[in-house]
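Residue-level listing of the chains:
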Amino acid sequence: MAIKISNLQQISELYKQKSYYYKDLHLDFGQAGNYSTQYQQQVDGNDVRVDYDESAIRNSLRNLFTTRPGQRFLFPRYGLDLDKYLFETVNEINGQMIGEAIVTAIRYFEPRVTVRKCNIIAMPEDNAYDITIIVEIPIINRVVPINTSLDVKGKSFVFLESSRTT
Amino acid sequence: MATEPTYEFPLQTNSYAAFDAISLRNLIIQRLNDQGILTDQNYIGSNIASIIDIISFSFNTLIYYLNKTSTESMFTEAQLYENISRIVKLLDYKPIGYQTSTLSFQCTAVAGIFESRAYTIPRYSYITVGGIPFSFNEDITFTVPYSNRVIALDDISNRKLLFQGMFREAPLYTAAGDASEVVTIAVSNVLIDHFNIDVYVYEKKTSTWVQYKNVPNFYSEQSYSRTFEKKINSNFLYEIVFGDGINGRKLEAGDIVSVYFLQSSGEQGIIGPGALRLNSVPILYYNRTYANILNDVIPETQQNSVTPSQFRNIIFNNVVGSTTPKDIEDADSIRRNAPYVFKSQYRLVTQSDYESYIKTNFAHFITDVKVFTNWDYTGKYLKYFHDINVNPGGFKQVLFNQIQYADSCNFNNIYVCAVPKVSKGSSLKYLLPAQKETIASNMQSVKMLTTEVSFMDPIFKAISFGIKNGDAINIDAVDYFQLQLFKTINSNRSPNSIKQEAAAVIREFFNPTKMTLGIVFDYSALTNQLLSINGVDQLRTSRSDTEEYFNGLSFFMWNPSYPDLDKQTIVNNITLKEFELLYFNNLSTIDSRITVVEQ
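Cut-offs applied
- Residues numbered from 1 in each chain as written.
- Chains lettered and ligands numbered in written order.
- Predicted model: local features only at pLDDT ≥ 70, side-chain atom pairs only at ≥ 80, totals over all residues.
- Heavy atoms only, no water.
- Helix = DSSP H or I, 4+ residues; strand = E, 2+ residues; numbered from the N terminus.
- Buried < 20%, exposed > 50% of the residue type's maximum accessible area, 1.4 Å probe, protein only.
- Areas by Shrake-Rupley, 256 points an atom, 1.4 Å probe, with all protein chains shown as cover.
- Axes fitted to C-alpha atoms, helices over the stretch in contact; angles between N-to-C directions.
- Parallel < 35°, antiparallel > 145°, perpendicular 65-115°, else oblique.
- Left-handed = near helix turned anticlockwise from the far one by under 90°.
- Contact = heavy atoms within 4.5 Å.
- Buried area = accessible area lost by both parts, 1.4 Å probe.
- Salt bridge = Lys/Arg side-chain N within 4 Å of Asp/Glu carboxyl O.
- Polar contact = N/O pair within 3.5 Å; in protein donor to acceptor, adjacent residues only side chain to side chain.
- Expected span 1.5 Å × (residues − 1).

Participant: Honestly, the overall build of chain A in this entry has me stumped. Any pointers?
Facilitator: Each helix and strand in chain A was counted, giving three helices and eight strands. In chain A, buried positions account for 36% of the 166 residues. Total accessible area on chain A is roughly 10500 Å²; 49% of this is exposed by carbon and sulfur atoms.

Next comes the structure, spelled out in structure tokens:
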């Protein structure tokens, strides 16, 4: 006998109607558009550009990583304070602490994803950490790697957009 | 303005004013959810959520300033000192600053030190009492009639006031010669007495120091009048404004301005009775500029200044303690006083003009004041004495005031009935002669020409627990009466705790520092307050040496000067006469007059 879960059924129907689950504004603002095979070029639409599903979630994760607690007045606890590691020595212990902070923050603030793996590679010679997070987006059944880099020397945290989808 | 909800938005059109950041954010999210175009507004990390936050918070900030500025720009609503002081500038009202405590004194000159002639204690000389300075704000002249005996200096005893604090000289200011030039006394975190700021100008053209006179405003001043206006700016600093050459003399380039101000020690400067006698050191004020100023301001022929050793041989005493200082006028006080001052236009004509002037300018030694016309005086005050069959002249305060202040033609008098400011536990009942002198002399220049300021002292009314025995009111037995509080059967409170709370209620109700003239004695309110004490079921007034009792509160009220002639029982609300002041007899021992009865 088949088991029917009504919530999932609703989601499935919603997806059929809209063909996406999550929709967020794209920043910077831009005009929406599609690539026209007929004209073989990008054709502008009439609306503001938006991000769907995985891109929308990626927006959220980027915001999470680049926001410090206290910066959002209405959600003062929101954010991930990776900046404090910029002034620490680059070693495995600190790398482990960074990893724990990332996993905890994602668990609290981004319920749409599950962290599968969080690899932190300390690179003392370059004064940097190479951070790869592999997250699963259960609703669309997709696993996504996210690459970031914490450059201690350059005092910067970079969210690499070149992450690929598997 | 329409307030009906519009079709599009299920909100009142004016409901924007009630939003804060959170409620606006929730409303935006709800609207976006209803529209179903975007989904990520529900996830706090999304871009759209960040934008919603920015909009909501900006809106919240704007609404805050909108509310703040809309109320703070109104005379009736402004709460911030800076704003109300700017608003009342339209009415040309100058808020009153800090007023230091004052001290009335008596003094005697030691025999053999002085010759028989007139002497002057120069202005700003001071007496330190255990390190606390008290200064003279004017030159004090007295006459010594005999050189070989101890002389009570009646010319100044009880007639002049000492002001708590020491005079300081502000840095000298060299004028630029502008019209309406402003000199700021740039000393912060210092308590400056509002009424003791003296300004002297070294006029380059004549090479002399001249004292300038403080005026409320320049409008009535001649172009040559040596006057200044004094105001407190929004940073609580005093600004001295000089004339523009049309109203008030304009400073010339190169004129030098010297400002002397009294720096108070605040609450630490209060001293008790007799402190001057025990531990005082009189010191003559001196600095170089001051000496030059004094030489120019007071003609040499009038300079009979006491020497330092003579000053030290004047014995000072104070039978009452110093008054409590009055803090800088707050926003509410400004709001209350500004319209009165505007109405009066710095002239004292009506009763309210006099009352508001006295309350504002003498707040450091007065808590309440009522002003009576001659009709009121005879028809109410003197009538009171006639009603109780007493010759008013027999009441020493009436006689004293009449001799000291009234002129031979009584019908043009106005009578000031003032309650002196007392600290808790103080026994000062009437204004001291020096305080009356200060009030009378200060009003001289602004009062109506045809009126004379006289004084009438308040009639004190004592009140205490008491029960009438038949028709008899026995004031002598007043110490035997007490208040019984019946404890609720189920109450867990200790009797002592109930007693303490009841005593606190009565102490606060009859707080002598808050009593005003002609109050309504609110018997019902006191009864309600006592019955609302947790654990109190019933009140009873009883006599401890007999079995007499009265269910509820019963008081005796009497005039302590005439306890046999003016006495009554109070079991209801009662309004006192305008010149009557109520006090609870032996309030300090109220605890011993309350018992708690367990049922």
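And the narrative resumes.
Participant: Any chance you could explain the packing of helix H8 (residues 351–361) of chain B against helix H11 (residues 433–443) of chain B here in plain terms?
Facilitator: Residues and elements named next belong to chain B. Running from N to C, H8 and H11 point in directions that differ by 125°, and their axes come no closer than 12 Å. By the angle between their directions, the pair H8 and H11 is classed as oblique. Note that H8 runs across H11; the crossing there is right-handed. Within the contact between the two elements, H8 uses Tyr 354, Tyr 357 and Ile 358 and H11 uses Ile 439, Asn 442 and Met 443.

Participant: Whenever I open this one, the interface of chain B and chain A confuses me. Can you help?
Facilitator: Interface size is commonly expressed as the accessible surface area that is lost when the partners come together. On the chain A side, the residues contacting the 20 residues of chain B number 23 residues. Surface buried jointly by chain B and chain A totals about 1900 Å² across both partners, of which 58% is contributed by carbon and sulfur atoms. A per-residue breakdown of the area chain B buries against chain A is headed by B:Tyr43, B:Ile44 and B:Asn47, which together make up 33% of the total. At the junction of chain B and chain A, the tally comes to two salt bridges. One salt bridge in this structure joins A:Arg112 and B:Asp40, with 3.0 Å as the shortest N-O distance. Across the contact surface, chain B and chain A share 13 residue pairs in polar contact (both at pLDDT 80 or more).

Participant: How should helix H2 (residues 47–72) of chain B be read in this particular structure?
Facilitator: Along an α-helix, residues three or four positions apart point the same way, because every turn accommodates 3.6 residues. Between the first and last C-alpha of H2(B) there are 37 Å, a value that for 26 residues agrees with the 38 Å anticipated at 1.5 Å per step. B:Asn47, B:Ile48, B:Ala49, B:Ser50, B:Ile51, B:Ile52, B:Asp53, B:Ser56, B:Ile63 and B:Glu72 are the residues of H2(B) that are buried. Buried residues in H2(B) make contact with strand E1 (23–25) and helix H2 (53–66) of chain A together with helix H1 (21–35) and helix H3 (81–87) of chain B.

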